Amino acid sequence: MLGQVVYERREGDFYPTPPENVDCLAHFVDLSKRVIWEPACGEGHISKRLLKVTTASVYSTDLHDRGYGRGGIDFLRADVTPRGVNMIITNPPFADLAEAFVRKALELMRPRGGSVAMFLRNEWDMSSEDRPDLFEGHPAYAMKVCVTKRPRFIEGSKGSPRHSYAWFVWDWAKPAGTLAPIRYIHPNNARPIRAAIN
């Protein structure tokens, strides 16, 4: 694209999620009383925001130790979930691992009737011939929350961020045959579902 500044790719695909984007998910998905696993927590941007704007409990891990949560945990090799976890929320690595993260999360949450929310490029549901099974006709696909402000993943970067993002949500407990709606929200308008926010 013309006028785009190209930045060197960060080691480990570490691009912290601007916390305001968590509010967009929490505006449409009730996260209260959830026990959430954030398996790519980085420095805790999503986890800290979840703890601030919801009543959820959050278990935070990452393959790398970035000073928050528990490092050295390879989510893609997990065969069990932390105790009580009924939802997995993350911004998965940008590389070819995003699909593997989604599939692993769905596999882990299925026996618990749990949910999955992944922060991915807005066109992720259309950008591969290998993943339509995750959307059309998938029994757990529940919602797409399009964030109408492009997130700035590189602090201090200039110009307009290049990509739009959305939360893709799957819920194994949703009624069979329910169509997955598409919602739109700007972070400035997001009001997380919670009885009382400090």
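Right above here is the structure, for reference.
So, how was this worked out
- Residues numbered from 1 in each chain as written.
- Predicted model: local features only at pLDDT ≥ 70, side-chain atom pairs only at ≥ 80, totals over all residues.
- Heavy atoms only, no water.
- Helix = DSSP H or I, 4+ residues; strand = E, 2+ residues; numbered from the N terminus.
- Areas by Shrake-Rupley, 256 points an atom, 1.4 Å probe, with all protein chains shown as cover.
- Phe/Tyr/Trp six-rings, centres within 6.5 Å; stacked < 30°, edge-to-face > 60°.
- Buried < 20%, exposed > 50% of the residue type's maximum accessible area, 1.4 Å probe, protein only.
- Pairing = 2+ DSSP bridges.
- Axes fitted to C-alpha atoms, helices over the stretch in contact; angles between N-to-C directions.
- Contact = heavy atoms within 4.5 Å.
- Salt bridge = Lys/Arg side-chain N within 4 Å of Asp/Glu carboxyl O.

Participant: Please give an account of the overall build of the chain that cites residues and values.
Facilitator: Counting its secondary structure elements, the chain contains three helices and seven strands. Secondary structure elements in the chain, listed N-terminal to C-terminal, are α-β-α-β-β-α-β-β-β-β. Of the roughly 10700 Å² of accessible surface on the chain, 49% is carried by carbon and sulfur atoms.

Participant: Explain the packing of aromatic side chains to me, using residue names and the numbers behind them.
Facilitator: By the definition in use, this model includes eleven aromatic pairs. Here Phe-119 and Trp-167 contribute two aromatic rings whose centre-to-centre distance is 4.8 Å and whose plane-to-plane angle is 40 degrees, an arrangement assigned as tilted. Here the residue Phe-119 occupies a position in strand 4 (residues 115-121), and Trp-167 occupies one in strand 6 (residues 165-171), the gap between them amounting to 48 residues. For the pair formed by Phe-119 and Trp-167, the shared burial category is buried.

Participant: Can you explain the sheet that holds strand 3 (residues 87-90)? Please cite residues and give values.
Facilitator: The sheet built from seven strands is open, its strands ordered 2-1-3-4-6-5-7 with mixed pairing. A strand with exactly one partner marks an edge of an open sheet, and here the two such strands are strand 2 (57-60) and strand 7 (182-185). The average angle at which neighbouring strand axes cross in this sheet is 25 degrees, direction not considered. Relative to strand 6, strand 5 (residues 141-147) is paired through six bridges, and the arrangement is antiparallel. Residue pairing in the sheet places Val-147 in a bridge with Tyr-165 of strand 6. Here helix 2 (residues 45-53) sits on the sheet in contact with strand 1 (35-38), strand 2, strand 3 and strand 6, set at roughly 170 degrees to strand 2. Contacts from helix 3 (residues 98-109) reach strand 1, strand 3, strand 4 and strand 6 within the one sheet, and its direction differs from that of strand 4 by about 170 degrees.

Participant: I'd like a rundown of the pattern of salt bridges, residues and numbers included.
Facilitator: Scanning all chains against the criterion turns up eight salt bridges. With a closest N to O distance of 2.9 Å, Arg-103 and Asp-133 form a salt bridge. In this pair, Arg-103 sits in helix 3 while Asp-133 sits in the loop between strand 4 and strand 5, placing the two residues 30 residues apart along the sequence. Three or more residues are tied together by salt bridges with common partners; here these are Glu-99, Arg-103, Arg-131 and Asp-133.

Fair warning: the whole summary comes from geometry, so function is off the table for now.
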